[in-house]
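# Chains, contacts and geometry: an overview
For reference, the chains in residue letters:
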Amino acid sequence: MKVVRVMYTVRPEYVAVNQVNIAGIVAELKLLNHPGIKNGAWLLPDGKTFMHFDQLENEAAHEVLTSLESFKKFATELEASGMEVEPTLELLTLSASTETYFD
């Protein structure tokens, strides 16, 4: 299993665009219905910092996510947006959970 957390801060005027782009990824993932991809994004209380949390069955599932047209659009536009704080990516290791992930 691969668990990825990404955090970054956008400029206030880019928040709405970023939310639309994230919704595009979620919509495409729902259509794909890939059993090895769980994806979520949160907007932090400052109203401009985003946290993405992806739980992926394996590296192949991660490649499916990053190859989506909606993901490419999101990443390209985010990079061009002039973020206040660049993304930090953390790979997490599951210690314990009430959930069952990818048997």
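Anything mentioned here points back to the structure above.
Described in the following lines is the structure provided in the data block. Residue indices begin from 1 for each chain and proceed along its sequence in written order. Only residues with pLDDT of at least 70 get local features here, since the model is predicted, and only at 80 or more are side-chain atom pairs given and counted; chain-wide, interface and lining totals rely on the full set of residues. Side-chain numbers here rest on the full set of heavy atoms in the structure, without hydrogens or water.

### Looking at the overall build of the chain
Secondary structure is summarised from DSSP: a helix means a run of H or I of at least four residues, a strand means a run of E of at least two, and numbering begins at the N terminus for each. Each helix and strand counted, the chain has 3 helices and 4 strands in total. Along its sequence from the N terminus, the chain presents helices and strands in the succession β-α-β-β-α-α-β. When its C-alpha atoms are laid out on the principal axes, the chain stretches across 40 × 30 × 20 Å. Burial analysis of the chain (103 residues in total) assigns 34% to the buried set. Every residue pair with non-hydrogen atoms within 4.5 Å of one another is taken to be in contact. Put simply, of all contacts in the chain between residues at least 6 apart along the chain, 75% involve residues at least 24 apart. Charged side chains of the chain number 8 positive and 15 negative; the gap between the two group centres comes to 3 Å. Remark: exposure states derive from per-residue accessible area (1.4 Å probe, protein chains only) relative to the maximum for the residue type, with buried under 20%, exposed over 50%, and partly exposed in between. Think of it this way: Lys and Arg go in the positive column, Asp and Glu in the negative one, and His and the chain ends go nowhere. Lys charges are placed at NZ, Arg charges at CZ, Asp charges at CG and Glu charges at CD.

### A word on helix H2 (residues 59–67)
Here H2 has its buried residues at Ala61, His62 and Leu65. Taken end-on, H2 shows its buried residues confined to a sector of 100 degrees, consistent with a single buried face. The inward-facing, buried residues of H2 contact strand S1 (2–9), helix H1 (15–32), strand S2 (37–43), strand S3 (49–56) and helix H3 (69–80). For H2, the N-terminal capping position is held by Asn58, with its side-chain oxygen 3.2 Å away from the main-chain nitrogen of Ala60. Picture the helix axis, draw a direction to every C-beta atom, and the arc is the one those directions span. Throughout this description, a polar contact denotes any pair of N or O atoms lying within 3.5 Å of each other; where both atoms belong to protein, one of them has to be capable of donating a hydrogen while the other can accept it, and for residues adjacent in sequence the pair is counted only when both atoms sit in side chains.

### Things to note about unusual backbone geometry
With a phi close to 55 degrees, Asn33 is a non-glycine residue in the positive phi region. Tracing the backbone through its elements, the reader meets Asn33 in the loop between H1 and S2.

### A word on the sheet that holds S1
The strand order across the open sheet formed by 4 strands is S2-S3-S1-S4, and the pairing between neighbours is antiparallel. Both edges of this open sheet fall to S2 and strand S4 (85–92), since each of them pairs with a single strand only. Looking at each pair of strands side by side, their axes are set apart by 15 degrees on average, direction ignored. Strand pairing is assigned whenever DSSP identifies at least 2 bridges connecting the two strands. In terms of strand pairing, S1 meets S3 through 8 bridges, oriented antiparallel. Across the sheet, the residue bridging to Lys2 is Leu56, located in S3. To obtain an axis, a line is fitted to C-alpha atoms, over the contacting stretch when the element is a helix, and the angle between two such axes runs from 0 to 180 degrees between their N-to-C directions.

None of the figures reported here should be taken as evidence of function without further support.
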